[in-house]
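# An overview of the molecular structure
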Amino acid sequence: MSATPPLTSTARYRPATTLASVVVVLLGLNMLASLLGIASDFVQVDLARDGVVFGEGAADAPFDTREIVILLIALFELLVFVPTVVIFCVWMYRAHKNLVALGNPRQHLEHPPGWAVGSFFVPIINLFVPYRAAREIWAKSDPEVTTFDTPFARYALSAPSVLKLWWGFWVASNILNNVSFRLSWSGEGVAAATASAWVDLFANILEIPAALFAIAVVRGVVERQERRARLVNYVDNVPPPPPIFSPQTVPSPFDAGYAARPPHGPGPNT
């Protein structure tokens, strides 16, 4: 189906396929980290049953090998999580910035690329603004829809189920992670450690489908943008030519239809 009217852009499209491939690999590693995290949570529950709180043993107490397992898993989770956040944000910035290159007028975009990414790190706002930015990326990368130029278009953007599921699982897992962290630092000993481990276990379970749906979203956006880019007519941003001023002509007495006009200023008889 050809786009009508044709899409045009002066900005050049930059494919995000390589970034997307890296994000998919990292999200796969995050699923592995979540599985290991579940195992780590069971180990922490087992420690708590023995009256041991991870990281709070006496200085002269022997170091439990189970604590070494927990520490190594936590280190692996950190080494996977940090680059995933960085590369995912870079990919999302590129995908959003491509919207102009895909024929969407800049003034019709609800979010600038920087805010689409930066909103992830602002409390409260990160519960809904990143989702709206991702929804905008998905909708305005559609190769079948050429324009969103109505005043209320941004409120009518479609979002597929996979996008909603990703966001739902991601928000839920983050809320549980926050609760688990607060419990672990509450200073209430074995009871708090046990509760923290169980809450973290459910957070890790939710992170697995969140990563799966995130992979589907990333792949879907890249596929839609590649298809739409093939429909865009890219033109050079050439400045308009300078205005041409025609010279003023002075009427001549010999021109046809010329009527002599009285001289300017007062006449001799005035």
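Structure's up top.
If you're wondering where the values come from, they're calculated on a predicted model, not measured in any experiment.

## Describing the overall build of the protein chain
Secondary structure assignment for the protein chain yields six helices and two strands. Helices and strands appear in the protein chain in the N-to-C order β-α-α-α-α-α-α-β. Sorting the 270 residues of the protein chain into buried and exposed places 39% on the buried side. Once local pairs closer than 6 in sequence are excluded, the contacts in the protein chain between residues at least 24 apart make up 77%.

## What about empty space enclosed by the protein?
One pass over the structure, following the stated rule, counts one cavity of 30 Å³ or more. What lines the largest cavity is F88, W91, M92, A134, I137, W166, V217 and V221. For the lining of the largest cavity, the elements supplying multiple residues, two or more each, are helix 2 (65–101), helix 4 (129–139) and helix 6 (190–229).

## A closer look at the pattern of salt bridges
This structure, assessed with the given rule, holds six salt bridges. R66 is the partner of D46 in a salt bridge, and the nearest nitrogen-oxygen pair spans 2.6 Å. Highlighted residues: D46 in helix 1 (residues 17–49) and R66 in helix 2, separated in sequence by 20 residues. Classification of D46 by relative accessible area gives partly exposed; the value is 31%. Here R227 and E144 are joined by a salt bridge, their closest N and O atoms 3.1 Å apart.

## Considering the packing of helix 5 (residues 161–184) against helix 6
The geometry of helix 5 relative to helix 6 is characterised by a closest axis approach of 7 Å and an angle of 160° between their N-to-C directions. Judged by the inter-axis angle, helix 5 sits roughly antiparallel to helix 6. Between helix 5 and helix 6 lies a crossing of left-handed hand. Residues of the contact of helix 5 with helix 6, tallied by class, amount to 22 nonpolar, five polar and two charged.

## As for the environment of W138
Positionally, W138 belongs in helix 4. For the pair W138 and V217, spaced 79 residues apart in sequence, the C-alpha to C-alpha distance is 8.3 Å. Not counting residues within four places of it along the chain, the set of residues in contact with W138 comprises S158, P160, V217, G220, V221 and R224.

## With respect to the packing of aromatic side chains
Counted according to the given criterion, the structure contains eleven aromatic pairs. Relative to F120, the ring of F88 lies with its centre 6.3 Å away and its plane at 85°, an arrangement referred to as edge-to-face. Of this pair, F88 sits in helix 2 while F120 sits in the loop between helix 3 (113–118) and helix 4, and the two are 32 residues apart along the sequence. Using a relative accessible area of 14% as the deciding quantity, one classes F88 as buried. Look at F120 and you get buried, because its relative accessible area is 12%. Ring centres 6.1 Å apart and planes at 50° place the aromatic pair F88 and W166 in the tilted group. Of this pair, F88 sits in helix 2 while W166 sits in helix 5, and the two are 78 residues apart along the sequence. Among the aromatic residues, those joined into a cluster by ring pairs are F88, W91, F120, Y131, W166, W167 and W170.

## Describing the environment of T10
Tracing the chain through its elements places T10 in the loop between strand 1 (7–9) and helix 1. With a relative accessible area of 44%, T10 lands in the partly exposed category.

## Digging into the nonpolar core
In this structure, F88, W91, M92, L163, W166 and V221 are the most contacted members of the largest nonpolar core, which totals 39 residues. Looking at this core, the element that brings in the most residues is helix 6, giving nine residues.

## As for unusual backbone geometry
With a phi angle near 70°, I124 is a residue other than glycine that sits in the positive phi range. For I124, the location among the structural elements is in the loop between helix 3 and helix 4. Classification of I124 as exposed rests on a relative accessible area of 59%.

## Some thoughts on the packing of helix 1 against helix 6
Their axes nearest at 8 Å, the elements helix 1 and helix 6 cross at an angle of 165°. In terms of orientation, helix 1 lies roughly antiparallel with respect to helix 6. The interaxial crossing formed by helix 1 with helix 6 has left-handed handedness. Among the residues forming the contact of helix 1 with helix 6, the class breakdown is 22 nonpolar, seven polar and five charged.

Conventions and cut-offs
Residues numbered from 1 in each chain as written. Predicted model: local features only at pLDDT ≥ 70, side-chain atom pairs only at ≥ 80, totals over all residues. Heavy atoms only, no water. Helix = DSSP H or I, 4+ residues; strand = E, 2+ residues; numbered from the N terminus. Buried < 20%, exposed > 50% of the residue type's maximum accessible area, 1.4 Å probe, protein only. Contact = heavy atoms within 4.5 Å. 1 Å grid on protein atoms, 1.4 Å probe; cavity = no way out; pocket = protein on both sides within 12 Å on 5 of 7 lines; lining within 4 Å. Points joined across faces, edges and corners; volume = space filled by probe spheres on them. Salt bridge = Lys/Arg side-chain N within 4 Å of Asp/Glu carboxyl O. Axes fitted to C-alpha atoms, helices over the stretch in contact; angles between N-to-C directions. Parallel < 35°, antiparallel > 145°, perpendicular 65-115°, else oblique. Left-handed = near helix turned anticlockwise from the far one by under 90°. Nonpolar A, V, L, I, M, F, W, Y, C, P; charged D, E, K, R; others polar. Phe/Tyr/Trp six-rings, centres within 6.5 Å; stacked < 30°, edge-to-face > 60°. Core = buried A, V, L, I, M, F, W, Y, C linked by side-chain atoms within 4.5 Å.

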